[in-house]
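Coordinate inspection notes
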Amino acid sequence: MNETVISNKEKFFIFLILFSLIFLQRFAITVGDIQLSPVFLLSLLSITVLYVLNTIEIDQRRLTLFLLAVSGLSLVSLYALMELRSVGVASLLSVIVFYLPLLFINRKRGSLDYILSTYQAMMIIIAIIGIGQYAAQFTGAGFYDPLESLPEQFILQDYNTLNPMSWDSPIIKANGMFMLEASFFSKMLAIGLVIEFITRRRVTVMLLFFVGMLLAFSGTGFIILAIVAVPLLIKMKPVQFFLITLICGVSVYIMFAQGFGEIFVERLEEFNTPRTSGHVRFIAPWQAYGEFFRTEDTSTVVFGYGAGSVQEYYSANYTFDELSPSHITAHPIAYIKLLVEYGIIGGILFTIFIVYTFFSITHHKILTLALFINYSFLTASLLQTTTIYVCFILGTLAVKNSLEKKEQDAENVYEPWHQLKVIKAKID
């Protein structure tokens, strides 16, 4: 593939993926009992067109690992069928098809910069909408969400989009109107904060995103920032560190002064309280799998319970059915879902593919880490299209081509050599 500059045609299809990812993530195309996400359909369409136009290529190592992983999933599913276990063929096919875009890479010059700058521009709009949503509730206008009035067949179901600050509160958490939940609003703003810091470092944009995260009253974005904070702070200049700390400190102080700080404190207590969001998302999944591993027979642990069956699993104490009134419920995060449904064999093979895909591109390591945390721990992400494709478009698609790398290396070599020549001239 020729190493050329990204064209307007390529920009259009990348824009289409990003637009669907941010502004269409709540929408659905309903066919019978199945709801398809425009994010998935438009991403797959765009990738197909770009590949046919020979503007992107397949990464051969990713393809090899993907084929091994799919073979593993298929073999354990076949074994489950032979054992007369429940096997959801649609779930198995979804895992295969949903991850196809992660096989592709774009080496065109400027593609990564275009992706990140476009994402930031769209998230600025979302942040302004979210802050306006929240503020309007204190003016008597109420919480504005026109999408809520659309027929059910046009909106993805089973998401807690309108989430009150507490069970008896009339105040709704900000969701940016187009985000599936306040938690999605929070973590996508956190990713935007990371991108802003590694690219343009505009203080106004970082402040805008941070305020939006506060008004989402969700811990997901702050978990991302807490983990990536150390490498981010190390890269800051003292003045930048002081300014960011001051802005964050004042914002947090205002929240506590207005009586909202208690909500964040209560969220921390959720980690030890079953059936609360924090426990369901972060603690219960591992405890549930621990019980699965200890109590199920060896063949089930090795080959799995069956594709698409995770919510049907009930042990003595735990279940992944979050509507169960009798058991401790757990969020089926990606790796746990893989291990329960496809066993150790299928789970490990697919996890290797996922981890390699994330970390095979490392020019923005902090962003890669933020995306990996988002995928791995902050949602039931194995078949969650928004989570998969935000990682795909921001983290695994665009790579810097060899020409850009050579130019960067030349700059890195030239700069100290130039400084040595200047010093030598002064000595002479």
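Everything numeric in this text was worked out from a predicted model, so none of it was measured.

1. A few points about empty space enclosed by the protein
- With the rule as written, the count across this model stands at 3 cavities of 30 Å³ or more.
- Taken as a whole, the largest cavity encloses approximately 50 Å³ of empty space.
- Secondary-structure elements contributing two or more residues to the lining of the largest cavity are helix 14 (365–377) and helix 15 (385–396).
- Of the residues that constitute the lining of the largest cavity, the class distribution is 5 nonpolar, 4 polar and no charged.

2. Focus: the pattern of salt bridges
- Counted according to the given criterion, the structure contains 7 salt bridges.
- Here arginine 107 and glutamate 57 are joined by a salt bridge, their closest N and O atoms 3.2 Å apart. Here the residue arginine 107 occupies a position in the loop between strand 4 (104–105) and helix 5 (111–136), and glutamate 57 occupies one in strand 3 (residues 57–58), the gap between them amounting to 50 residues.
- Residue class for glutamate 57 comes out partly exposed when judged on its relative accessible area of 22%.
- Where glutamate 341 meets lysine 337, a salt bridge forms, and the shortest distance between an N and an O atom there is 2.7 Å. Within this pair, glutamate 341 and its partner lysine 337 are both found in helix 13 (residues 334–359), separated by 4 residues, close to a single helical turn. Considered together, glutamate 341 and lysine 337 belong to a single accessibility category, that of buried residues.
- Salt bridges sharing common partners tie together Arg26, Asp145 and Glu148.

3. Focus on unusual backbone geometry
- For aspartate 158, which is not glycine, the phi dihedral falls at a positive 70°.
- As for its position among the elements, aspartate 158 is in the loop between helix 5 and helix 6 (182–198).
- On the basis of relative accessibility, which here comes to 79%, the residue aspartate 158 falls in the exposed class.
- In this structure, methionine 177 takes a positive phi of about 65° despite not being glycine.
- On the accessibility criterion, methionine 177 (11% relative accessible area) is buried.

4. Re the confidence of the model for the chain
- In the predicted model, the chain carries a mean pLDDT of 86, and 86% of its residues have values of at least 70.
- Contacts for the low-pLDDT stretch residues 402–424, under 50 throughout, to residues beyond four places or in other chains number 6 contacts.

5. Brief notes about the packing of aromatic side chains
- All chains considered together, the criterion is met by 24 aromatic pairs.
- Between phenylalanine 23 and phenylalanine 178, the aromatic rings sit 5.3 Å apart at their centres with planes inclined by 80°, giving edge-to-face as the arrangement. Of the two residues, phenylalanine 23 sits in helix 1 (residues 8–23) while phenylalanine 178 sits in the loop between helix 5 and helix 6, which places them 155 residues apart along the sequence. Note on accessibility: phenylalanine 23 and phenylalanine 178 belong to one class, buried.
- Judged by centre distance (5.7 Å) and plane angle (55°), the rings of phenylalanine 358 and tyrosine 375 are tilted. With phenylalanine 358 in helix 13 and tyrosine 375 in helix 14, the pair connects residues that are 17 residues apart, well separated along the chain. Summarising the burial analysis for this pair, phenylalanine 358 and tyrosine 375 share the class buried.

6. Describing helix 4 (residues 89–98)
- Among the residues of helix 4, those classed as buried are Ser91, Leu92, Val95 and Phe98. Axial view of helix 4: buried residues confined to an arc of 145°, hence all on one face. Residues of helix 4 that are exposed and point more than 90 degrees away from the buried face comprise Val89 and Ala90.

7. A look at the nonpolar core
- Ranked by internal contacts, the top residues of the largest apolar core, which has 101 residues, are Tyr99, Tyr119, Phe350, Tyr375, Ile393 and Leu394.
- Broken down by element, this core gets its largest block of residues, 11 residues, from helix 6.
- Aside from chain neighbours lying at most four places away, what touches tyrosine 99 is Phe66, Phe350, Phe353, Tyr375, Ser381, Leu382 and Ile388.
- Ala288, Tyr289, Phe320 and Ala330 belong to the second largest nonpolar core, which has 14 residues in total.

8. Considerations on the environment of phenylalanine 184
- Inspection of the secondary structure assignment puts phenylalanine 184 in helix 6.
- With a relative accessible area of 3%, phenylalanine 184 lands in the buried category.
- Separated by 195 residues in the primary sequence, phenylalanine 184 and threonine 379 have C-alpha atoms spaced 9.2 Å apart.
- For phenylalanine 184, the contacting residues outside a window of four places in its chain are Gln25, Tyr159, Met179, Thr379, Gln384, Thr386 and Thr387.

9. Structural notes on the environment of threonine 4
- Within the fold, threonine 4 resides in the segment before helix 1.
- The exposure class of threonine 4 is partly exposed, given its relative accessible area of 37%.
- Setting aside residues no more than four positions away along its own chain, threonine 4 makes contact with Lys108 and Arg109.

10. What about a nonpolar patch on the surface?
- Together, Leu75, Leu78, Leu81 and Met82 line one region of the surface with nonpolar side chains, adding up to about 450 Å² of accessible area.
- You can see leucine 81 is positioned in helix 3 (residues 60–82).
- A relative accessible area of 48% means that leucine 81 is categorised as partly exposed.

11. Things to note about the environment of valine 49
- In this fold, valine 49 is placed in helix 2 (residues 38–52).
- Overall, valine 49 belongs to the partly exposed group, its relative accessible area being 24%.
- Separated by 36 residues in sequence, valine 49 and phenylalanine 13 have C-alpha atoms that sit 8.3 Å apart.

What counts and how
Residues numbered from 1 in each chain as written. Predicted model: local features only at pLDDT ≥ 70, side-chain atom pairs only at ≥ 80, totals over all residues. Heavy atoms only, no water. 1 Å grid on protein atoms, 1.4 Å probe; cavity = no way out; pocket = protein on both sides within 12 Å on 5 of 7 lines; lining within 4 Å. Points joined across faces, edges and corners; volume = space filled by probe spheres on them. Helix = DSSP H or I, 4+ residues; strand = E, 2+ residues; numbered from the N terminus. Nonpolar A, V, L, I, M, F, W, Y, C, P; charged D, E, K, R; others polar. Salt bridge = Lys/Arg side-chain N within 4 Å of Asp/Glu carboxyl O. Buried < 20%, exposed > 50% of the residue type's maximum accessible area, 1.4 Å probe, protein only. pLDDT = per-residue confidence, 0-100. Contact = heavy atoms within 4.5 Å. Phe/Tyr/Trp six-rings, centres within 6.5 Å; stacked < 30°, edge-to-face > 60°. Arc of directions from axis to C-beta. Core = buried A, V, L, I, M, F, W, Y, C linked by side-chain atoms within 4.5 Å. Patch = residues over 30% accessible without salt bridge, like charges linked within 9 Å, V, L, I, M, F, W, Y side chains within 5 Å. Areas by Shrake-Rupley, 256 points an atom, 1.4 Å probe, with all protein chains shown as cover.

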